[in-house]
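# Summary of the model geometry
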Amino acid sequence: MRALVLLYLLHAVFGQVTKYSWYGPVQEVRAPDPALSSAACLADQTSCGCCLMKKNINYMEMYFNQSIVEMKNQLMTAQTALNDMRASRSAFSVALNNQVFLTCIGPVNSDTVIIYKHVFLNLGNGYNVQTGVFTAPRSGVYSLAVTIYGNKANLASCASLQVNGIAVARLNDQIGQDPEDSNSAVAAVKLNAGDKVTMNLLKNCLICDDFNHFNTFTGFLLYATN
Ligand SMILES: *[C@@H]1O[C@H](CO)[C@@H](O)[C@H](O)[C@H]1NC(C)=O
């Protein structure tokens, strides 16, 4: 009896169930584990590999699709910013004249806008060569630089750099020991689109220039603010 029990246990371990009838022991094959039979991978190795690959490919495709959409968006943002920067380029640089002989304007009775006739550069056409006015094409921080020069004894050189008629910097060289007077100023100013920048010759003052370009008026957009 002890031996039979042992045998039964051994059979159980090896996956077989032994039943006993009048005709002796009957062996049945134990049913396969349901957890294993439902795993398609074990049932059909080939289709399982295919399925996994398809899943991975689909995942990769989704990842690529997402990445492409993101990259396209970023590229569009960068292109818009670049186009905006290109469209807002503004720089001008002008001199009073380009004459062979020194030619003066002034002295004047009252503040007069100086009309610089010789254009080095007028990128964005902000400077009007007929009126001498620079109109800011868009809001931003602008760099402005001016130099004046005159060489008549008993006459001073003085001018005022103005934004919308309001002085930003005054340039002054009063009558002294020598007839030559000159001065310069540099300023960075915040301008709104449409603001007008001028150089104004002040009362009783004079400036003179020729091809040496002693009098220059320069401005450019450092960066746009909107
Ligand atoms: C990826 O994009 C292509 C083209 O737009 C599309 O046909 C495909 O279904 C997309 N794939 C996934 C996984 O979204």
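First, a word on scope: everything that follows refers to the structure included in this document. (Residues numbered from 1 in each chain as written. Predicted model: local features only at pLDDT ≥ 70, side-chain atom pairs only at ≥ 80, totals over all residues. Heavy atoms only, no water.)

Here we take up the nonpolar core. I114, Y116, L161, V197, M199 and F217 are the most contacted members of the largest nonpolar core, which has 32 residues in total. Those elements that place two or more of their residues in this core are β3 (91–95), β8 (140–150), β9 (157–163), β10 (166–173), β11 (181–191), β12 (196–201) and β14 (216–224). Once you skip the residues sitting within four places of it in the chain, V197 turns out to touch G132, V133, F134, L144, L161, Q162, V163, L191 and F217. (Core = buried A, V, L, I, M, F, W, Y, C linked by side-chain atoms within 4.5 Å. Buried < 20%, exposed > 50% of the residue type's maximum accessible area, 1.4 Å probe, protein only. Helix = DSSP H or I, 4+ residues; strand = E, 2+ residues; numbered from the N terminus. Contact = heavy atoms within 4.5 Å.)

Our next topic: the pairing of β14. Across five bridges, β3 lies against β14 in antiparallel orientation. Within β14, the position partnered with V94 by the bridge is F217. Sheet analysis places β8 next to β14, joined by eight bridges and oriented antiparallel. Bridge pairing in β14 links V146 to F217. (Pairing = 2+ DSSP bridges.)

For the ligand, the full set of nearby residues is N58, E61, M62 and N65. Between E61 and the ligand, the recorded distance is 2.8 Å, taken from a side-chain N or O atom to a nitrogen atom. Within the side chain of N65, one N or O atom sits 2.4 Å away from an oxygen atom of the ligand. Coverage of the ligand by the protein chains reaches 37% of its 360 Å² of free accessible surface. Partitioned by chemical class, the residues of the shell around the ligand number one nonpolar, two polar and one charged. (Near = heavy atom within 4 Å. Polar contact = N/O pair within 3.5 Å; in protein donor to acceptor, adjacent residues only side chain to side chain. Areas by Shrake-Rupley, 256 points an atom, 1.4 Å probe, with all protein chains shown as cover. Nonpolar A, V, L, I, M, F, W, Y, C, P; charged D, E, K, R; others polar.)

Here we take up the state of the cysteines. Overall, the coordinates contain two disulfides when judged by the stated rule. Through a disulfide, C104 is tied to C208; the S-S separation comes to 2.1 Å. Taking the sign of the S-S torsion, 100 degrees for the link of C104 and C208, the bridge is right-handed. Pair noted here: C104 is in strand β4 (residues 103–105) and C208 is in strand β13 (residues 207–209), with a separation of 104 residues, a long-range link. (Disulfide = S-S within 2.5 Å.)

Next up on the list: the side chain of S93. Secondary-structure assignment places S93 in strand β3. With sequence-adjacent residues up to four places away left out, S93 is seen in contact with H118, V119, F120, L121, F217 and T218.

Looking now at the pattern of salt bridges. Here the structure, examined in full by the defined rule, presents one salt bridge. For the salt bridge of D84 with R138, the shortest nitrogen-to-oxygen distance reads 3.4 Å. Taken together, the residues span a long stretch of sequence, with D84 in helix α4 (residues 45–87) and R138 in the loop between β7 (134–135) and β8 at a distance of 54 residues. (Salt bridge = Lys/Arg side-chain N within 4 Å of Asp/Glu carboxyl O.)

Turning next to the packing of aromatic side chains. A full pass over the atoms with the stated rule returns eight aromatic pairs. Note on F92 and F217: the rings are 4.9 Å apart at their centroids and 80 degrees apart in plane angle, and the pair reads as edge-to-face. Residue F92 is located in strand β3, and its partner F217 is located in strand β14; the two are separated by 125 residues in the primary sequence. Judged by relative accessible area, F92 falls into the buried class, the value being 1%. In this structure F217 comes out as buried when scored by relative accessible area, which is 0%. The structure contains a cluster of three or more aromatic residues connected by ring pairs, namely F92, Y116, Y127, F134, Y142 and F217. (Phe/Tyr/Trp six-rings, centres within 6.5 Å; stacked < 30°, edge-to-face > 60°.)

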